[in-house]
Amino acid sequence: MRSAPKILAVLALLALCPQASAAIVMLEDFEDAVVNFTTSSGIFHDGNQDYYTMVPLNGPITGASAPYLNNGGTSFFAAEDIDDGNSRPNNVVMTFEVNIANTSNLAFSGLFAAAGNDFAIPAYDNNGNLADDFLRVTAQIDAGATQNLFWMSPSSGTNEQLFVDSDFNGIGGNGGEALATRDFNDQTVSNLPIAGTGNTLFLRIELQSNDGNTEFAWDNIQIDGDVAVPEPSSFGLAGIAGLGFIIRRRRRSA
């Protein structure tokens, strides 16, 4: 039989070793008015075909080429022609500022769709200028380097189709890259690794959309990671010491 001192030594060692458990660190499902993000130029909906908003929370989108399919719940985020007739910027960044202290093995998941590809003549442009249309998801930990996670880019030219840009070169459709569709299931990404640890994760969804029929949507933006359980307090260690005292008392009185 193991002696009490050895058992107590093992217990103390286990108590001092921080443990980690898998957890959802951040989830934005766009199901209510409480948001986990900021935007560089605000949310809007002109009541017609120019919008950057949660739907249907802020009203149904009209004029879409086709309804989106298989989003994660009742609501999602959608955008089209976000410059609103040149009255707004054509580039908007949605930023999630996530506390990742004591968190490791970070990963990104999300759902994405593009309804504009259902038009006979898609309207996505890629001419190497500010009128280009794209969606880019990136991550940055503290002041570290930017990491590319997920891109959607059109092929080179005007009125092109949108693709999942898996090589992050800004030109979709190279090497058999998948055509983006209005079905969220076709662009579901799960557990894309984010390298590094730190205190704050900046997850950014950058969208550029200058024309009608350039339709983008996303849902269930999620960060997972292994969260370390804090080391025990001095009270907990005192409890182990007290247990040892009781065991010794019992052994002496036996």
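About the cut-offs
Residues numbered from 1 in each chain as written. Predicted model: local features only at pLDDT ≥ 70, side-chain atom pairs only at ≥ 80, totals over all residues. Heavy atoms only, no water. Salt bridge = Lys/Arg side-chain N within 4 Å of Asp/Glu carboxyl O. Buried < 20%, exposed > 50% of the residue type's maximum accessible area, 1.4 Å probe, protein only. Helix = DSSP H or I, 4+ residues; strand = E, 2+ residues; numbered from the N terminus. Pairing = 2+ DSSP bridges. Polar contact = N/O pair within 3.5 Å; in protein donor to acceptor, adjacent residues only side chain to side chain. Contact = heavy atoms within 4.5 Å. Phe/Tyr/Trp six-rings, centres within 6.5 Å; stacked < 30°, edge-to-face > 60°. Core = buried A, V, L, I, M, F, W, Y, C linked by side-chain atoms within 4.5 Å. Axes fitted to C-alpha atoms, helices over the stretch in contact; angles between N-to-C directions.

**With respect to the pattern of salt bridges**
Scanning the model with the defined rule gives one salt bridge in all. Between R88 and D84 there is a salt bridge, with its nearest N and O atoms 3.9 Å apart.

**Details of the pairing of strand β9 (residues 134-141)**
Regular strands have side chains that alternate between both faces of the sheet. Most of β9 is tucked away, with seven of its eight residues classed as buried. Here eight bridges tie β9 to strand β14 (residues 200-208), and the two strands are oriented antiparallel to one another. Considered in β14, the bridge of A139 is made with L203. Bridging between β9 and strand β10 (residues 147-154) involves five bridges; their strand directions are antiparallel.

**Examining the side chain of Q140**
Turning to its location among the elements, Q140 is positioned in strand β9. Using a relative accessible area of 16% as the deciding quantity, one classes Q140 as buried. A distance of 3.0 Å separates a polar atom in the side chain of Q140 from a polar atom in the side chain of R204. In this view, Q140 contacts A145, T200, L201, F202 and R204; residues no more than four positions away in its chain are not counted.

**Some thoughts on the packing of aromatic side chains**
Working definition: an aromatic ring pair is given by the centre-to-centre distance plus the angle between the planes. Considering all chains together, one arrives at 14 aromatic pairs under this definition. Note on F30 and F37: the rings are 5.8 Å apart at their centroids and 55 degrees apart in plane angle, and the pair reads as tilted. F37 shares its class with F30; the two are buried. Plain terms: the ring middles of F108 and F112 are 6.4 Å apart, the flat faces sit at 50 degrees to each other, and that makes the pair tilted. Since its relative accessible area comes to 0%, F108 is described here as buried. For F112, a relative accessible area of 0% puts it in the buried group.

**Points about the nonpolar core**
Across soluble globular proteins, nonpolar side chains show a tendency to be buried alongside one another. One finds Y52, F108, F112, L135, L203, W218 and I221 to be the most contacted residues of the largest nonpolar core, which totals 39 residues. Beyond its immediate stretch of four places on either side in the chain, L135 contacts F112, F150, W151, M152, I205, E206, L207, F216 and W218. Counting 10 residues, the second-largest nonpolar core is a separate cluster that includes V55, A113, A115 and A217.

**Quick notes on the sheet that holds β9**
The strand order across the open sheet formed by six strands is β2-β6-β14-β9-β10-β12, and the pairing between neighbours is antiparallel. A single partner strand is all that each edge strand has here, and the edge strands are β2 (37-39) and β12 (162-164). On average, each strand axis in the sheet is tilted by 20 degrees relative to the strand beside it, whichever way the strands run. Direction of pairing for β10 relative to β12: antiparallel, over a ladder of three bridges. Paired with M152 across the bridge in β12 is V164.

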